[in-house]
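# Observations on the model geometry
Read off the chains here:
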Amino acid sequence: QVQLVESGGGLVQTGGSLRLSCTASERTFSSATMGWFRQGPGKEREFVAQITWSDGATDYADSVKGRFTIARDKTKNTVYLQMNSLEPDDTAVYYCAASASSYRPMGSNQYDYWGQGTQVTVSS
């Protein structure tokens, strides 16, 4: 069973930055796509960003384009989410996810593995 472990969440002021990390437990893990999702208070879970393991193709939600950057380090089985210019609306639990076979999935239901989540709180 693949495990995904997120880290890097915390409390930051508006305009600040955080970097989230997600490491997969298996050295031979070779998912097709890794993604980040978030769920804010009283909100549905929403897509944030994703990156393909093979060629590094990326997709972003409109709400984070230009502020967030997703990247991967294949040697460390780790995906990062660099978050800049954070806003109170970015406050949420952020989840890392892995799709074993889908290249740039169109929805969360195509992701097979999920992390436990890390809290990001942006104060105004």
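Structural data are supplied above this passage.
Anyway, here's the lowdown on the structure attached to this text. Note that residues are indexed from 1 along each chain, following the sequence as it is written. Only residues with pLDDT of at least 70 get local features here, since the model is predicted, and only at 80 or more are side-chain atom pairs given and counted; chain-wide, interface and lining totals rely on the full set of residues. Excluding hydrogens and water, the side-chain figures rest on all heavy atoms present in the structure.

## What about the packing of aromatic side chains?
- Stacked, edge-to-face and tilted labels apply to pairs of Phe, Tyr and Trp rings (six-membered ring for Trp) whose centres lie within 6.5 Å, assigned for plane angles under 30 degrees, over 60, and everything in between, in that order. One pass over the structure, following the stated rule, counts 4 aromatic pairs.
- Between the aromatic rings of Phe37 and Phe47, the centroid separation amounts to 5.7 Å while the plane-to-plane angle is 75 degrees, which identifies the pairing as edge-to-face. Placement of the pair is Phe37 in strand β4 (residues 33–39) and Phe47 in strand β5 (residues 46–52), with a sequence separation of 10 residues.
- Type-normalised accessible area, obtained with a 1.4 Å probe on protein chains alone, sets the label of each residue: buried when under 20%, exposed when over 50%, and partly exposed for intermediate values. Note on Phe47: relative accessible area 26%, which makes it partly exposed.
- Ring plane angle 55 degrees and centroid distance 6.1 Å describe the contact between Tyr111 and Trp114, whose orientation is recorded as tilted.
- Under the relative-accessibility criterion, Trp114 is labelled partly exposed at 28%.
- Among the aromatic residues, those joined into a cluster by ring pairs are Phe37, Phe47, Tyr111 and Trp114. Strands here are runs of E lasting at least two residues and helices are runs of H or I lasting at least four, both read from the DSSP assignment and numbered beginning at the N terminus.

## Describing the nonpolar core
- Take the buried residues of types Ala, Val, Leu, Ile, Met, Phe, Trp, Tyr and Cys, join any two whose side-chain atoms come within 4.5 Å, and each joined set is a nonpolar core. Ranked by size, the top nonpolar core spans 27 residues in total, and within it Met34, Trp36, Leu81, Met83 and Tyr94 carry the most contacts.
- Of all the secondary-structure elements, those providing two or more residues to this core are β3 (18–24), β4, β5, β7 (68–73), β8 (78–83), β9 (92–99) and β11 (118–123).
- Aside from chain neighbours lying at most four places away, what touches Met83 is Gly16, Ser17, Leu18, Leu20, Arg67, Phe68, Tyr94 and Val120. Residue contacts are counted whenever heavy atoms from the two residues lie within 4.5 Å of one another.

## Some points on the pattern of salt bridges
- Each salt bridge in this description consists of a side-chain nitrogen of Lys or Arg and a carboxyl oxygen of Asp or Glu lying within 4 Å of one another. Under the criterion given, the structure shown has 6 salt bridges.
- When the shortest N-O distance is used, the salt bridge between Arg104 and Asp59 registers 2.8 Å. Linking Arg104 in the loop between β9 and β10 (113–114) with Asp59 in strand β6 (residues 58–60), this pair joins segments that are 45 residues apart in sequence.
- Within this structure, Arg38, Glu46, Arg67, Glu87 and Asp90 form a network of salt bridges that share partners.

Any functional reading would require information beyond the geometric quantities listed.
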